[in-house]
Amino acid sequence: MFSQNRRLFLLLSVVGLFGLFPMDSVSPIRSQFPSITDDKNIEMILIPSGTFRSGTTLKNALAYCKLLYKEIDADICDLPAFSEMYLVDESNTISQINEFYMDKHEVSVASYLDCVKASVCNLEPVEQEYYLILDDLEIPVDLPVSGITYYDAAVYCAWREARLPTETEWEYAAAGTQKSPFSWGDKTMDIPANFCDKNCFKATDIQADDGYAELAPITAYEDGQSWAGVYNLSGNVAEWTSTRLTSGEGAGSDIRIVKGGSYFSGIYELVVWMRIPTRAGIARSNGFRCAKTVTPIQQP
């Protein structure tokens, strides 16, 4: 189910993507919500409460796939190939989201290393991903931490007295009540996100240039902010959520939902309803951000 063939198809399917979309694009209406800086010096934005319909219908997912890919590898947008490659939350559940805090940016290498220095987090995935040691002056501190398992992400968030967001919280912070297909809206040209473009290390023929061969700084793509002002929910690193897979192959085992796609993802993997079931101990290009429940004010 989670084979490398799926990744290959995703990369092949972006070939010739750009220049195919004459439609007007709509950006989400961004609001200025309050933010806090926690005791680890990380900025978190208050995501307001609201009613949200998560996921999408299979019919809509197929239609949007065909819109993005047109006649390029069009067969991947038809059943059963589509269901084998893409997992969509078809429940289309309406949820009441309680307000919560979410990291404005993906967790950086610098912040993760602070957790390592506190003897809480595991250094090994960072060493493997970036080939560095703690006193290395060339540490790419402004990049998102990558190659992280679910367990490592959960430990880091707990160190900050926070938690991983649920899939519904993540999707709500990305799409809002406008239900945009991407965190930045529905724009499909000059995409403000880091994905598999012509700079991708697994080269494709597309001519789009997002400015980075691999990871981008966590503050990149100001135009790619979601309606709530959260950066890089789509692209750069795929992000862990706390949500388990509850139906389909692997349900009941320790498989968590990863969202948003990464710097080597095809364009469809960046849509907000796309979900990647991943075993909790697998790192890949996964990063994360933390969330925090808003504590109700106690009445005297």
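Residues numbered from 1 in each chain as written. Predicted model: local features only at pLDDT ≥ 70, side-chain atom pairs only at ≥ 80, totals over all residues. Heavy atoms only, no water.

1. A word on the overall build of the protein
Within the protein one finds seven helices and eleven strands. Long-range contacts, defined as pairs at least 24 residues apart, comprise 73% of the intrachain contacts of the protein with a sequence gap of at least 6. Just so you have it, the protein exposes about 13,300 Å², and 51% of that area is on carbon and sulfur atoms. (Helix = DSSP H or I, 4+ residues; strand = E, 2+ residues; numbered from the N terminus. Contact = heavy atoms within 4.5 Å. Areas by Shrake-Rupley, 256 points an atom, 1.4 Å probe, with all protein chains shown as cover.)

2. Here we look at the environment of A81
Position of A81 relative to the elements: it lies in helix α3 (residues 81-85). Overall, A81 belongs to the partly exposed group, its relative accessible area being 26%. With sequence-adjacent residues up to four places away left out, A81 is seen in contact with D75 and I76. (Buried < 20%, exposed > 50% of the residue type's maximum accessible area, 1.4 Å probe, protein only.)

3. Digging into the side chain of R256
As for its placement among the helices and strands, R256 is situated in strand β8 (residues 255-259). Polar contacts involving the side chain of R256 include one to the main-chain carbonyl oxygen of S242, which spans 2.7 Å. The contact partners of R256, leaving out residues within four places of it in the chain, are Y150, W240, T241, S242, T243, R244, I276, P277, T278 and A280. (Polar contact = N/O pair within 3.5 Å; in protein donor to acceptor, adjacent residues only side chain to side chain.)

4. As for the sheet that holds strand β4 (residues 87-88)
With mixed pairing, the five strands of this open sheet are ordered in space as β4-β9-β8-β7-β10. A single partner strand is all that each edge strand has here, and the edge strands are β4 and β10 (286-287). In this sheet, β8 lies alongside strand β7 (residues 238-244) in antiparallel orientation, the contact comprising three bridges. In the sheet register, E239 faces β8, and the bridge partner there is K259. (Pairing = 2+ DSSP bridges.)

5. Overview of helix α4 (residues 109-117)
Regarding α4, the residues found buried are V109, S111, Y112, L113, C115 and V116. After α4 finishes, the residue S119 shows a positive phi value of roughly 60°.

6. Observations concerning the confidence of the model for the protein
Looking at the protein, pLDDT values average 81 and 79% of them are 70 or higher. Per-element confidence in the protein is highest for strand β6 (residues 100-103), whose mean pLDDT is 98, and lowest for helix α1 (residues 4-12), whose mean pLDDT is 34. Here residues 1-27 is a poorly scored stretch, pLDDT under 50, and it has 73 contacts once near neighbours within four places are set aside; other chains count. (pLDDT = per-residue confidence, 0-100.)

7. Focus: the pattern of salt bridges
Applying the stated criterion across every chain yields a total of 13 salt bridges. K66 is the partner of D78 in a salt bridge, and the nearest nitrogen-oxygen pair spans 3.0 Å. A residue pair is termed long-range when its members are at least 10 positions apart, and D78 in the loop between α2 (58-69) and α3 and K66 in helix α2 qualify at twelve residues. Given the relative accessible area of 33%, D78 is considered partly exposed. Salt bridges here are not isolated pairs; linked through shared partners, they connect E167, E171, K179, K259 and R275. (Salt bridge = Lys/Arg side-chain N within 4 Å of Asp/Glu carboxyl O.)

8. Quick notes on the packing of α4 against helix α6 (residues 150-159)
At a closest axis distance of 10 Å, the pairing of α4 and α6 adopts a crossing angle of 80°. In this view, α4 runs roughly perpendicular relative to α6, as classed from their interaxial angle. Packed against α4, whose contacting residues are S111, Y112, D114 and C115, the element α6 presents D152, Y156 and W159 at the interface. Grouping the constituent residues of the contact of α4 with α6 by class yields four nonpolar, one polar and two charged. (Axes fitted to C-alpha atoms, helices over the stretch in contact; angles between N-to-C directions. Parallel < 35°, antiparallel > 145°, perpendicular 65-115°, else oblique. Nonpolar A, V, L, I, M, F, W, Y, C, P; charged D, E, K, R; others polar.)

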